[in-house]
Amino acid sequence: MGAVLGRDHVRIEGAAKVTGAALYSSDGPGTEEAGRLAHAALVTSAFAKGRIIGFDRRAAEAVPRLLGIFTHRDFAGSVAPVAHLMAGGYANSSHRPLESEAVAYAGQIVALVVAETVEAAAAAAASLRVAYEEEPASAGFDAPGAETVRLADLKPHHEDIGTGDAAAAFAASLHRIEARYETPTQHHNPIEMFTTRCAWEGDTLTVHEPTRFVGAVQHGLAAQLGLDPAQVRVVSGLIGGHFGSKFALSQHTALVALAAKRLGRPVSLVPTRRQCFTIANYRPETRHDIRLGADAEGRLTALVHEAEVVTSRFDPFAMEGADVTGSLYACPAIRTEERATRVDRNTPGPMRAPPEVPYLFALESAMDEMAWQLGLDPIELRRRNETATDPVSGKPFTSRPLIACFEAGARAFGWERRLPRPGALRDGPWRIGLGCAASVRPVKIAAATIRVRLAADGSVEVAAAHHEIGNGITTLLAMGAAEWLGVPVERVIVHLGDTDLPPAGISGGSSTTTSLMSALSLACTQVRDQQAVARAGEPVEVVAEFVPTGGKPDALKALRAGHIGLTLPEDALSWAFGAQFAEVHVHAETGEIRVPRLTGAFAAGRVLNPLTALSQLKGGMIWGLGSALLEETVLDGAAYRNPDLAEYLVPTSADVETVEALIVPDPDERVNPLGVKGLGELGIIGVNAAIANAVYHATGRRQRRLPIRIEDMLA
């Protein structure tokens, strides 16, 4: 057979998805289970902080077909504590909602109601009355009672970075930019809710749940419920979107499992959209104080990035990102400091390109401001500050095609149209602006195991506990097995998303392809070796164990125990790169903002399926448009006031016109044996800054807080 990898291939699961045949976690229990299946609904707190002083259950208990109402009075002491995934545990939050009468945040689960039907459960939940004793709550930055701590004090492994005397260098700089940039709270809003279906058979628990880390759910639930992990099976088939949510063990899963145990029947929970804003994670608001210094030629002389993010009272979670902004450009004097503000809200979590989206918005906006002050083209400013090595550590980049991305993107976008004066381009009442920004993302990889079986009839089975989150890994695995074992893609069957399969880690950090395809390559090599010595027609099966170069010696042990294990190369910086370009139209009278064109040029190592890669990149760019102009979770006190898709704004077809993604060659033989870098998160990074920079070019108004709205144009 000829080459398969590197060519376009449609998604293997695509037809099932578009025809409605695909099954998700809340779909399709067997006939026997469906006849016994009970349905759960949540009751969540309307108050941000305080304690429960009583329940009025009379109206709820009058609902026909009610099976049970469970509160802290039923479940206290039933769920053991489990730490946050990024603090050595398994959970997306260490908070246990039905452990006591205490209320820690608005939207906390205060009761679980179970009935024979979805409708009865919802009616009973709506009828349950809860009495509270409310206490003052801290909502966000600068709120009374909020606690701000250095990230280095909150997270043991965090280090602020620096080189040279940045304060003195900034003070002595000929050209200086000093500004604060802010990004809002945002929520993922996947179409598929955070569902759970739990069924017991004796002391064995089976959980059907959309998650991107079945291992963490399995081991975390076992720890919470006092079970051996072998007693817990977690199945996560196709996932209807997560974008960073569905992160690890959710705190409602154990509650559904306990209800199923006590009722002696399977229980399914499909929470409401509004509840998903608080029972899962979110991107927290951030603010960034940037100080840039430059000499007369535009070479950076000082870079200071002080960042602050919101987190909860009870988890040491905060996404740090100044390590990327501090290493992006050549500069002799750099200082970063990151802080977290602890407030009375649920724990935030990763959201597609978790730190890079807000942190690069700040730096790339400041770089644009510096370019205007210097009278330089923004691309030329970046060219003058290009570097082959990390300015902090001195480590080399395994490849660095950043300027190649800017050049390719500029040609495709028509950057030569740009006039170096704000408001110079017009089309009738529309002011036209062009902006650009860098997109960068460190490459991550993790240990993985995978099973490959070559049958006597020449068909191949590939199996791993990893997940098809919509990124096309099912198709990539089939393509890889086809190429490396010399069979048609149609003869490869891929099984994913089940703890009964060989363990694999989290699907996140753009690490799925780098990790699983490396494991698959190793497995196929072992299959070919065994096939050479096997009898003719004899099936061959191997389970390959992959540990990345520089990975920890106990990486496989951690993987099997459900712990996160993403690693970075130790002797060099391996990054994926891109350049984002935006054309913005701003109406001179109404302030309406339109983005008729987005162009992105991306270099992410070897691209295994250009068709799905370009789809991922374009989807990320569209989400970046939403991040710049639309998305914001509005806080009223410490509660979210727009937790639905009617008021939480996301891009629609009317907001998106021409989106073009280009792949720039990036042959990087040092990053890993396959030369793969991962690009699932690269497409969204930098779009918000490119749009904000284009708005300035159109209007002369610098926007340093997202999202940018009509009222910002009219102020």
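None of these values were measured; they are calculated from a predicted model. (Residues numbered from 1 in each chain as written. Predicted model: local features only at pLDDT ≥ 70, side-chain atom pairs only at ≥ 80, totals over all residues. Heavy atoms only, no water.)

Asker: Help me get a handle on the nonpolar core, residues and values and all.
Answerer: Judged by nonpolar contacts, the single largest core of 86 residues is most densely connected at L292, F581, L629 and I691. Beyond its immediate sequence surroundings of up to four residues, F581 is in contact with I379, F406, G409, A410, F413, W415, G435, C436, R597, L598 and T599. Ranked by size, the runner-up nonpolar core spans 48 residues in total, among them A40, V82, C198 and L258. (Core = buried A, V, L, I, M, F, W, Y, C linked by side-chain atoms within 4.5 Å. Buried < 20%, exposed > 50% of the residue type's maximum accessible area, 1.4 Å probe, protein only. Contact = heavy atoms within 4.5 Å.)

Asker: Give me the lowdown on helix 18 (residues 610-629), citing residues and values where you can.
Answerer: Taking 1.5 Å per residue as the helical rise, helix 18 with its 20 residues ought to reach 28 Å, and the 29 Å between its terminal C-alpha atoms agrees with that figure. Burial within helix 18 is extensive, with 14 of its 20 residues counted as buried. (Helix = DSSP H or I, 4+ residues; strand = E, 2+ residues; numbered from the N terminus. Expected span 1.5 Å × (residues − 1).)

Asker: Please set out the sheet that holds strand 4 (residues 102-103) residue by residue, giving values where relevant.
Answerer: Hydrogen bonds between backbone groups are what pair the strands of a sheet, and the pairing can be parallel or antiparallel. Read across the open sheet, the three strands follow the order 4-2-6; overall the sheet is antiparallel. Looking at which strands have only one partner, the edges of the open sheet turn out to be strand 4 and strand 6 (129-134). One ladder, built from two bridges, connects strand 2 (residues 50-56) with strand 4; its direction is antiparallel. Its bridge partner being in strand 4, G50 is matched across the sheet by V103. (Pairing = 2+ DSSP bridges.)

Asker: So what's going on with the pattern of salt bridges? Residues and values would help.
Answerer: Going through the model one piece at a time under the given rule, you end up with 47 salt bridges. Close ionic contact of E306 with R335 constitutes a salt bridge, the shortest N to O distance being 2.5 Å. One end of the pair, E306, is in strand 15 (residues 300-312); the other, R335, is in strand 16 (residues 334-343), with 29 residues separating them in the sequence. With a closest N to O distance of 3.1 Å, D368 and R702 form a salt bridge. A residue pair is termed long-range when its members are at least 10 positions apart, and D368 in helix 12 (residues 356-374) and R702 in the loop between helix 19 (687-699) and helix 20 (710-714) qualify at 334 residues. For D368, a relative accessible area of 3% translates into the label buried. The network of salt bridges with shared partners includes D142, R287, R291, E306, E308, R335, E337 and R339. (Salt bridge = Lys/Arg side-chain N within 4 Å of Asp/Glu carboxyl O.)

Asker: Help me get a handle on the side chain of R400, residues and values and all.
Answerer: Looking at where R400 falls in the secondary structure, it is placed in the loop between helix 13 (378-384) and helix 14 (402-413). A relative accessible area of 14% places R400 in the buried class. Separated by 2.8 Å, the side chain of R400 and the backbone oxygen of T387 make a polar contact. Dropping the residues within four chain positions of it, R400 is found in contact with S327, L328, Y329, E386, T387 and F577. (Polar contact = N/O pair within 3.5 Å; in protein donor to acceptor, adjacent residues only side chain to side chain.)

Asker: Provide a residue-level description of the packing of aromatic side chains, including the pertinent values.
Answerer: Tallied over the full model, the rule gives 16 aromatic pairs. Here F47 and Y132 contribute two aromatic rings whose centre-to-centre distance is 4.9 Å and whose plane-to-plane angle is 55°, an arrangement assigned as tilted. Here Y132 lies in strand 6 and F47 lies in the loop between strand 1 (38-44) and strand 2, a separation of 85 residues in the sequence. Counting every residue linked through ring pairs, the aromatic cluster contains F406, F413, W415 and F581. Between R287 and the ring centre of F141, over which it is positioned, the NZ or CZ distance is 4.4 Å. Directly above the ring of F397 sits R400, whose terminal nitrogen or CZ lies 4.8 Å from the centroid. (Phe/Tyr/Trp six-rings, centres within 6.5 Å; stacked < 30°, edge-to-face > 60°. Lys NZ or Arg CZ within 6 Å of the ring centre and 35° of its normal.)

Asker: Describe in detail helix 15 (residues 473-485), supporting the description with residues and values.
Answerer: Taking 1.5 Å of rise per residue, the 13 residues of helix 15 would be expected to cover 18 Å, and the 18 Å separating its terminal C-alpha atoms lies within 8% of that figure. Across the 13 residues of helix 15, twelve count as buried, placing the element largely inside the fold. Among all positions of helix 15, only I473, T474, T475, L476, L477, A478, M479, G480, A481, A482, W484 and L485 are buried. Buried-residue contacts for helix 15 involve strand 19 (448-454), strand 20 (460-463), strand 21 (492-495) and helix 16 (512-533). One or two positions beyond helix 15, positive phi appears at G486, with a value near 70°.

Asker: Pulling in residues and values, what's your account of the packing of helix 15 against helix 16?
Answerer: Interaxial distance between helix 15 and helix 16 falls to 10 Å at its minimum, and their mutual angle equals 30°. Put simply, helix 15 runs roughly parallel to helix 16. Here helix 15 runs over helix 16; the crossing is right-handed. Between helix 15 and helix 16, the contacting residues are I473, L476, L477, G480, A481, W484 and L485 on the first element and T512, T513, L516, M517, L520, S521, C524, V527 and R528 on the second. When the residues that make up the contact of helix 15 with helix 16 are grouped by side-chain class, the tally is eleven nonpolar, four polar and one charged. (Axes fitted to C-alpha atoms, helices over the stretch in contact; angles between N-to-C directions. Parallel < 35°, antiparallel > 145°, perpendicular 65-115°, else oblique. Left-handed = near helix turned anticlockwise from the far one by under 90°. Nonpolar A, V, L, I, M, F, W, Y, C, P; charged D, E, K, R; others polar.)

Asker: Residues and numbers for unusual backbone geometry, please.
Answerer: What you tend to see is this: most non-glycine residues have negative phi, and most peptide bonds are trans. A cis amide bond, omega -5°, links L706 with the succeeding residue P707. Assignment of secondary structure puts P707 in the loop between helix 19 and helix 20. With phi around 50°, K246 is a residue other than glycine that occupies positive phi space. Note on K246: relative accessible area 4%, which makes it buried.

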